[in-house]
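Observations on chain architecture
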Amino acid sequence: MSSSTTTGETPREDVSLPHGLKQRHLSMIALGGVIGAGLFVGSGAGIAAAGPSVVVAYALSGLLVMLVMRMLGEMSAAHPSSGSFSAHAERAFGPWAGFTAGWAFWVLLCTVVGLEGIGAAHIVTGWLPGTPEWMWVGVFVVVLGGANLAAVRSFGEFEFWFAALKVGAIVLFLVLGALAVAGVLPGTDSPGTSHLADFLPHGGEGLVVGLLASIFAYGGLETVTIAAAESEDPVRGVASAVRTAMWRIALFYVGSMAVVVTLVPSDAKEIVEDGPYVATLQRIGVDGAGQVMNVVIFVALLSAMNANIYGSSRIAYSLVRRGLGPRALGRVSGGVPRVAVLVSCAVGLVCVGLSRWRPDDVFAWLLNTVGAVILVVWIFIAASQLRLRRRLERETPERLVVRMWAFPVLTWVALAGMAAVFVLMAREPGTRVQLGATGAMTAVLAAAGYARQRTGRTARE
């Protein structure tokens, strides 16, 4: 068994990667990482199902996400690594855990790179009819993949401006929405609380659907802790980013949902058909709201592609550095794991091909397989923090720059919340399939990781 399992020492760090990211990059990555197209468009289904109670759903899931982010921040500030939660899981439970969490997340990110490329291409073909979607996906992968191949600072600059636009759009939306609710926006009458009267239009079941939709909208918080390992001051960088980003993210999500359900009836068809943000802006008389939001969603998709190409390449690189993957993926050139970047982009393109040629079987199976991976990752984060916190307090207390609140009570609360989400997923026919497929992939990876551990095929610390 690897010595990290018995002594608590740190798996080998990412010594070959330069520290090219600045604090401003990390701050915007932390804010923009969880603001994706799922918020701008996907939240419509949750609003339609839960009605005004979707605000409660987003608040509850936001609290869970804040706890996860705090736990991950504690471990990442103590031991910065491009492997993030995968390295922490290895440190806590052994190489099999790092292998399982890391490769499951890599598959998720590569799949999502393809999905985001398809979404962005669909928007562009609406602007430029007659052009093929596959061509635009290729263009996006070449441009963003090229940025990730150049240097980590190129990724940081792309993501900084992408995130700045997304954050700016949400802040403007919240300001306009607040003015409309207050009845001081010219040309708009405030509906008051008339749209909030039927708080649970579809009862508890509707709230459950809204809760599950909100949980998966928050994915992406892990990127900042992956990127922190390549920042100028990893410890201070991740600590600052985690502390400042958590409440802002909650404000963006919960505040946006509150504005939408106050200004637009939750049973309005345009919430699902056009998206909640477009529906709200149209209600308050913003001309060209659809095209404005198309631009924002397009940027959100490119931002997510950029972040996921980066995250998948660094997770793969870290796994290889720790002896948990094929060595070729760990080759570094110019301070960048370029083979890992290219392979991650290639797998994303394969997913695009599957969506075109095998949409009803292979591609559908792939989507189900990664459907609940983010929850598996969060469980590894909470379980790892529960074990590593005591070890840190005993051996290196000076590393506890960020501390989980009310430990261990809130860690257990977070784990109970994740277990509750699993139970809710098992109750819903659509998510039940995802749960089973993700569980099967996790079991296969865990078995493979344990077999590697037993045969000693891991890096020596």
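Everything below is about the structure printed above this text.
Let me begin by describing the structure that accompanies this report. (Residues numbered from 1 in each chain as written. Predicted model: local features only at pLDDT ≥ 70, side-chain atom pairs only at ≥ 80, totals over all residues. Heavy atoms only, no water.)

**Quick notes on the packing of helix H4 (residues 54-78) against helix H17 (residues 373-395)**
At a minimum axis separation of 9 Å, H4 and H17 run at an interaxial angle of 45 degrees. Compared by their axis directions, H4 and H17 come out oblique. The hand of the H4/H17 crossing is left-handed. Residues Leu-64, Val-65, Val-68, Met-71, Leu-72, Glu-74, Met-75 and Ala-78 of H4 lie in contact with H17, whose contacting residues are Trp-378, Ile-381, Ala-382, Ser-384, Gln-385, Leu-388, Arg-389 and Leu-392. Residue classes in the contact of H4 with H17 are distributed as twelve nonpolar, two polar and two charged. (Axes fitted to C-alpha atoms, helices over the stretch in contact; angles between N-to-C directions. Helix = DSSP H or I, 4+ residues; strand = E, 2+ residues; numbered from the N terminus. Parallel < 35°, antiparallel > 145°, perpendicular 65-115°, else oblique. Left-handed = near helix turned anticlockwise from the far one by under 90°. Contact = heavy atoms within 4.5 Å. Nonpolar A, V, L, I, M, F, W, Y, C, P; charged D, E, K, R; others polar.)

**Let's talk about unusual backbone geometry**
A cis amide bond links Phe-407 with the next residue in sequence, Pro-408, at an omega value of 0 degrees. By secondary structure assignment, the location of Pro-408 is in the loop between H17 and helix H18 (409-427). Non-glycine residue Ser-84 carries a positive phi angle of around 45 degrees. Positionally, Ser-84 belongs in the loop between H4 and helix H5 (85-93). The phi torsion at Ala-406 lies on the positive side, around 45 degrees, for a residue other than glycine.

**Side note on helix H11 (residues 234-263)**
With 30 residues, H11 extends 42 Å between its outermost C-alpha atoms, agreeing within 8% with the 44 Å of an ideal straight helix rising 1.5 Å per residue. The largest bend along H11 measures about 35 degrees and falls at Ala-245. (Expected span 1.5 Å × (residues − 1). Bend = angle between axes of the 7 residues up to and from the residue.)

**Things to note about the side chain of Glu-159**
Along the chain, Glu-159 falls in helix H8 (residues 152-182). Contacts of Glu-159, omitting those with residues within four sequence positions, involve Ile-29, Lys-166, Ser-303, Asn-306 and Ala-307.

**Quick word on the pattern of salt bridges**
Two side chains carrying opposite charge are able to pair once their charged atoms lie near each other. The tally for this structure, following the rule as stated, stands at eleven salt bridges. Two residues, Arg-390 and Glu-393, come together in a salt bridge whose shortest N-O distance is 3.5 Å. Here Arg-390 pairs with Glu-393, and both are found in helix H17, just three residues apart, close to one helical turn. What emerges from the salt-bridge pattern is a single network uniting Glu-74, Arg-389, Arg-390 and Glu-393. (Salt bridge = Lys/Arg side-chain N within 4 Å of Asp/Glu carboxyl O.)

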